[in-house]
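Tertiary structure, described
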Amino acid sequence: MNTLALIILASLATGAYSIAIEAPIDFYKLYDNPEAHISIKNKLTTADRTALHGYPSEHHHITTKDGYVLGVFRIPYSHNLQNQNKKRPIVLLQHGLTSCSDAWILQGPNDSLPYLLADAGYDVWMGNGRGTSYSRNHTKISTEHPNFWKFSWHEIAIYDITAIIDYALDTENGKGQEAIHYVGHSQGTTVFFAGMSTLPEYNKKIKTAHMFAPVAIMKNLANSFVRSVARYLGNGGISDTLFGSQEFLPHNEFVMALFFNLCQPDFMLRPVCEGAMEALYDGGRVNMTAMPDAMATHPAGCSTDQMLHYLQEHHSGYFRQFDHGIKKNLELYGTEEPPEYPVELITSEVHMWYSDNDNLAAVEDVEQLAKRLPNKEMHHMEDKEWNHGDYALNHEVRVYVNEPVIAIMEAYELKNSGM
């Protein structure tokens with residue numbers, strides 16, 4: 001999600017609030033009156049949004065081994081195909097940092113990957129990592145407790161992704177199936193690399209894996225904002241301690257309610273949201289119809305440790321586990337520095353989708369990681385302007401990415417069907 005877009009909407013929220021407090025306020029009356037509070041108006045879930053297009057939609061709650069409760073969405077079959085009584089191959093889609101399952105469906109049934117997969121005969125699952133808007137629960141810990149936020153993408157890799165895979169394979173359609181297809185964007189690729197190298201036994205549960213904007217080694221990233229922040233964070237200083245293990249952009253009911261309401265399709269101020277998006281994305285590459293829904297659902301939340309972990313990768317130039325400092329590293333890993341992820345153990349069929357204009361996933365870094373993968377295929381995007389966010393919002397994503405990915409899955413299914 002574009003930071004500038006958030007700033008614009010935040011300024012709108014701030015302006016509205018400052019206007020409201022210019023006159024003297026009777027605080028007792030204000031807080032005693034339920035109608036005085038702004039509430040989130042008809043906040044739609046991923047299931048609600050898919051159901052609006054006629055697709056069967058399910059909302060599952062999956063508990064991980066360490067107690068986090070994940071909200072996971074499913075399109076079990078296609079209403080167009082009426083294939084609910086047939087065995088359907090399973091696909092798991094995993095979002096990027098500060099994103100959520102809503103990102104996959106922003107462009108609607110004609111272009112978005114989940115709908116295209118469902119209409120191609122697949123059982124589609126959309127995961128949500130811990131700490132996101134759909135996964136803010138734990139069996140024992142409140143989100144108000146700092147321990148809730150003591151996780152990085154390493155934990156999402158070894159606990160969340162594995163839990164979703166096992167759960168999907170244990171459903172009625174999953175019975176008798178041994179593996180799934182996987183698609184990840186950005187952090188969704190990071191957790192795949194981390195999980196499959198740490199728990200290599202899970203490779204046998206993967207048919208094909210598609211990495212959109214693969215992020216692991218980050219030495220050569222060109223994003224100026226990240227490089228500037230890296231001067232102060234991710235290097236083991238006191239600022240890491242102050243910044244770490246907390247919710248990033250803590251939930252604010254007033255601001256989030258305004259964001260949601262402002263971008264809802266039937267709200268009178270919807271043109272304000274649309275105007276802000278037009279001003280930010282005027283290159284003709286972005287599906288502008290999808291932008292208000294993107295603003296209404298993002299950012300979806302994360303832990304600051306996830307960000308610190310990425311900044312550590314940039315500093316070190318390696319793809320390795322979280323650096324807790326020498327003392328704790330010795331306790332956890334037995335070494336002063338965290339161990340590298342042994343990506344050589346990833347034996348599943350990995351497809352790397354990357355581009356020249358991606359300022360978070362540099363070509364040099366992607367190709368360096370790929371050299372260590374024993375079973376990979378490289379898909380270097382022909383569009384020289386293709387960037388990190390285009391996998392979600394480019395108006396030609398169906399042609400450039402989604403249809404080719406489905407064709408690869410179809411070829412795999414045909415090859416392994418015995419036909």
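A brief report on the enclosed structure follows.

Cut-off values and rules
Residues numbered from 1 in each chain as written. Predicted model: local features only at pLDDT ≥ 70, side-chain atom pairs only at ≥ 80, totals over all residues. Heavy atoms only, no water. Helix = DSSP H or I, 4+ residues; strand = E, 2+ residues; numbered from the N terminus. Areas by Shrake-Rupley, 256 points an atom, 1.4 Å probe, with all protein chains shown as cover. Expected span 1.5 Å × (residues − 1). Buried < 20%, exposed > 50% of the residue type's maximum accessible area, 1.4 Å probe, protein only. Polar contact = N/O pair within 3.5 Å; in protein donor to acceptor, adjacent residues only side chain to side chain. Phe/Tyr/Trp six-rings, centres within 6.5 Å; stacked < 30°, edge-to-face > 60°. Lys NZ or Arg CZ within 6 Å of the ring centre and 35° of its normal. Pairing = 2+ DSSP bridges. Core = buried A, V, L, I, M, F, W, Y, C linked by side-chain atoms within 4.5 Å. Contact = heavy atoms within 4.5 Å. Salt bridge = Lys/Arg side-chain N within 4 Å of Asp/Glu carboxyl O. Axes fitted to C-alpha atoms, helices over the stretch in contact; angles between N-to-C directions. Parallel < 35°, antiparallel > 145°, perpendicular 65-115°, else oblique. Nonpolar A, V, L, I, M, F, W, Y, C, P; charged D, E, K, R; others polar.

Some points on the overall build of the protein chain
Tallying secondary structure elements over the protein chain gives 16 helices and 9 strands in all. Accessible surface computed for the protein chain: about 19100 Å², of which carbon and sulfur atoms make up 54%.

Re helix 12 (residues 304–316)
For helix 12, built from 13 residues, the straight-helix expectation of 18 Å at 1.5 Å per residue is met to within 8% by its first-to-last C-alpha distance of 18 Å. Burial analysis of helix 12 places 12 of its 13 residues in the buried class, the great majority of the element. The backbone nitrogen of aspartate 305 lies 3.1 Å from a side-chain oxygen of the residue at the head of helix 12, namely serine 303. Following helix 12 by one or two positions, glycine 317 adopts a phi angle in the positive range, close to 80°.

What about the packing of aromatic side chains?
All chains considered together, the criterion is met by 19 aromatic pairs. Each ring, one from tyrosine 68 and one from phenylalanine 151, has its centre 5.7 Å from the other, and the planes form 75°; the classification is edge-to-face. One end of the pair, tyrosine 68, is in strand 2 (residues 68–75); the other, phenylalanine 151, is in the loop between strand 5 (137–138) and helix 5 (153–169), with 83 residues separating them in the sequence. Just as tyrosine 68 is buried, phenylalanine 151 falls in that class too. Within the aromatic cluster, the residues linked to one another by ring pairs are Trp153, Tyr182, Phe192, Phe193, Tyr310, Phe319 and Tyr341. Its end group placed over the ring of tyrosine 68, arginine 130 keeps NZ or CZ at 4.0 Å from the ring centre.

Section: the pairing of strand 2
Strand 2 sits mainly inside the fold: 8 of its 8 residues count as buried. Here strand 2 shows no split at all, with Tyr68, Leu70, Val72 and Arg74 on one side and Val69, Gly71, Phe73 and Ile75 on the other all buried. Where strand 1 (residues 58–63) folds back on strand 2, the antiparallel hairpin that results is connected by 4 residues, among which glycine 67 adopts a positive phi of roughly 95°. Inspection of the sheet shows strand 2 paired to strand 4 (residues 123–126) by 3 bridges, in the antiparallel sense.

Some remarks on the nonpolar core
Counting 51 residues, the largest nonpolar core has Tyr182, Phe192, Phe193, Phe319, Val350 and Met352 as its most contacted members. Residue contributions to this core peak at 9 residues, all from helix 5. With residues up to four places along the chain from it excluded, the contact list for phenylalanine 319 reads Trp153, Thr190, Phe193, Ala194, Ala216, Ile217, Glu313, Glu340, Tyr341, Val343 and Leu369. Core analysis: the second largest hydrophobic core is formed by 32 residues, Phe73, Tyr115, Leu116 and Met409 among them.

Overview of the environment of lysine 175
Its location among the elements puts lysine 175 in the loop between helix 5 and strand 6 (180–185). Separated by 88 residues in the primary sequence, lysine 175 and lysine 87 have C-alpha atoms spaced 9.3 Å apart. Look past the residues within four positions of lysine 175 in its chain and what remains in contact with it is Lys87, Leu169 and Asp170.

Focus on the pattern of salt bridges
Tallying each qualifying case throughout the model produces 15 salt bridges. Between arginine 372 and glutamate 344 there is a salt bridge, and its shortest N-O distance comes to 2.8 Å. A residue pair is termed long-range when its members are at least 10 positions apart, and arginine 372 in the loop between helix 14 (363–370) and strand 9 (376–380) and glutamate 344 in the loop between helix 13 (326–333) and strand 8 (349–354) qualify at 28 residues. Taking the relative accessible area as the measure of exposure, glutamate 344 reaches 40% and is therefore partly exposed.

Structural notes on the packing of helix 5 against helix 12
Two elements in contact, helix 5 and helix 12, have axes separated by 8 Å at closest approach and are oriented at 110°. Here helix 12 runs roughly perpendicular to helix 5, going by the angle between their axes. Contacts from Trp153, His154 and Ile156 of helix 5 reach helix 12 at Gln306, His309, Tyr310 and Glu313. In the contact of helix 5 with helix 12, the residues fall into 3 nonpolar, 3 polar and 1 charged.

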